[in-house]
Amino acid sequence: MVVFICVWVVLLWEEAHGWGFKNGIFHNSIWLEQAAGVYHREARTGRYKLTYAEAKAVCEYEGGRLATYKQLEAARKIGFHVCAAGWMAKGRVGYPIVKPGPNCGFGKTGIIDYGIRLNRSERWDAYCYNPHG
Ligand SMILES: *[C@@H]1O[C@H](CO)[C@@H](O)[C@H](O)[C@H]1NC(C)=O
């Protein structure tokens, strides 16, 4: 019973603050899902399923390309926040954090940078750049 009340209170709080779950990712709806031509993509089958080649293909299929670190950071500065690591250009992996949270970004803001991956067969999501998208 207590658990139900807690969940209910949390849900009300989330509603009031624009928070919620989408695609299994806890996020704030006032944050942008796309900014400065940059957007996040995951495989149809779910999170963290794309190799570097596949991530690149997903962006190119949509007429864009993998975003660079600079493009991701430019988008982040105007509110692009995603709690899921994805491939960027040149085999880099990271994700943009506007507001730090306990479950996302290790309490830091900025691009959480996993660096340039030597193993391009690792599976992550993708960050695409398409100024016309
Ligand atoms: C590269 O990553 C894939 C997927 O995680 C893994 O199966 C493979 O063993 C890795 N290769 C090397 C050389 O570490």
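Here the residue index of a chain counts from 1 through its sequence in written order. In keeping with the predicted nature of the model, local features appear solely for residues at pLDDT of at least 70, side-chain atom pairs appear and are counted solely at 80 or more, and the whole-chain, interface and lining totals rest on all residues. With hydrogens and water set aside, each side-chain value is computed from the structure's full complement of heavy atoms.

Colleague: Explain the nonpolar core to me, please; I cannot follow it from the model alone.
Modeller: Generally speaking, a soluble globular protein has its nonpolar side chains buried in company with each other. Nonpolar cores were defined as sets of buried Ala, Val, Leu, Ile, Met, Phe, Trp, Tyr and Cys residues, with membership established by side-chain atoms within 4.5 Å. Burial classes: relative accessible area under 20% of the type maximum marks a residue as buried, over 50% as exposed, and values in between as partly exposed (1.4 Å probe, protein chains only). If you look at the biggest cluster of nonpolar residues, it comprises 30 residues, and the most contacted ones within it are Val38, Leu66, Leu72, Phe80, Trp87, Tyr95 and Tyr127. Note on conventions: DSSP H or I runs of at least 4 residues are helices, E runs of at least 2 residues are strands, and numbering of each starts at the N terminus. Among the secondary structure elements, those contributing two or more residues to this core are strand 4 (38–41), helix 2 (52–61), helix 3 (69–77), strand 7 (92–97), strand 8 (110–116) and strand 9 (125–129). Per element, the largest residue contribution to this core is four residues, and it comes from strand 9.

Colleague: Quick question: what am I supposed to make of helix 2 here?
Modeller: For an α-helix the count is 3.6 residues per turn, leaving residues at separations of three or four pointing the same way. If you check which residues of helix 2 are buried, you get Tyr52, Ala55 and Cys59. Each buried residue of helix 2 sits inside an arc of 65° when the element is viewed along its axis, so together they form one side. In this structure, helix 2 carries Ala53 and Tyr61 as exposed residues pointing more than 90 degrees from its buried face. Contact definition: two residues touch when any of their heavy atoms are within 4.5 Å. Against the buried residues of helix 2 lie strand 5 (65–66), strand 6 (86–87) and strand 9. Positioned one or two residues after helix 2, Gly63 has a phi angle of 85°, which is positive. In this context, the arc is that of the directions from the helix axis out to the C-beta atoms.

Colleague: Help me understand the site of the ligand, please; the structure alone is not making it clear to me.
Modeller: Nearness here has a simple test: a residue counts as near a molecule or strand if at least one of its heavy atoms is within 4 Å of that partner. Taken together, the neighbourhood of the ligand is formed by Asn119, Ser121 and Glu122. Separating an oxygen atom of the ligand from a side-chain N or O atom of Asn119 is a distance of 2.3 Å. Throughout, the Shrake-Rupley method with a 1.4 Å probe supplies accessible areas, and for residues the shown protein chains are the sole cover considered. Considered on its own, the ligand offers 360 Å² of accessible surface; in the complex 25% of this is hidden by protein. Two N or O atoms form a polar contact when they lie within 3.5 Å of each other; inside protein one atom must be a possible hydrogen donor and the other a possible acceptor, and for residues adjacent in sequence the pair counts only when both atoms belong to side chains.

Colleague: I would appreciate a short explanation of the pattern of salt bridges in the present structure.
Modeller: Here a salt bridge means any side-chain nitrogen of Lys or Arg lying within 4 Å of a carboxyl oxygen belonging to Asp or Glu. In this structure the tally under the stated criterion is seven salt bridges. Two residues, Asp113 and Arg92, come together in a salt bridge whose shortest N-O distance is 2.6 Å. Here the residue Asp113 occupies a position in strand 8, and Arg92 occupies one in strand 7, the gap between them amounting to 21 residues. Of the residues examined, Asp113 reaches a relative accessible area of 34% and is grouped as partly exposed. The partly exposed category is assigned to Arg92, whose relative accessible area is 25%. Salt-bridge contacts for Arg117 lead to Glu122; the nearest nitrogen and oxygen are separated by 2.8 Å. Judged by its relative accessible area of 22%, Arg117 falls in the partly exposed class.

Nothing here speaks to function; it is geometry throughout.
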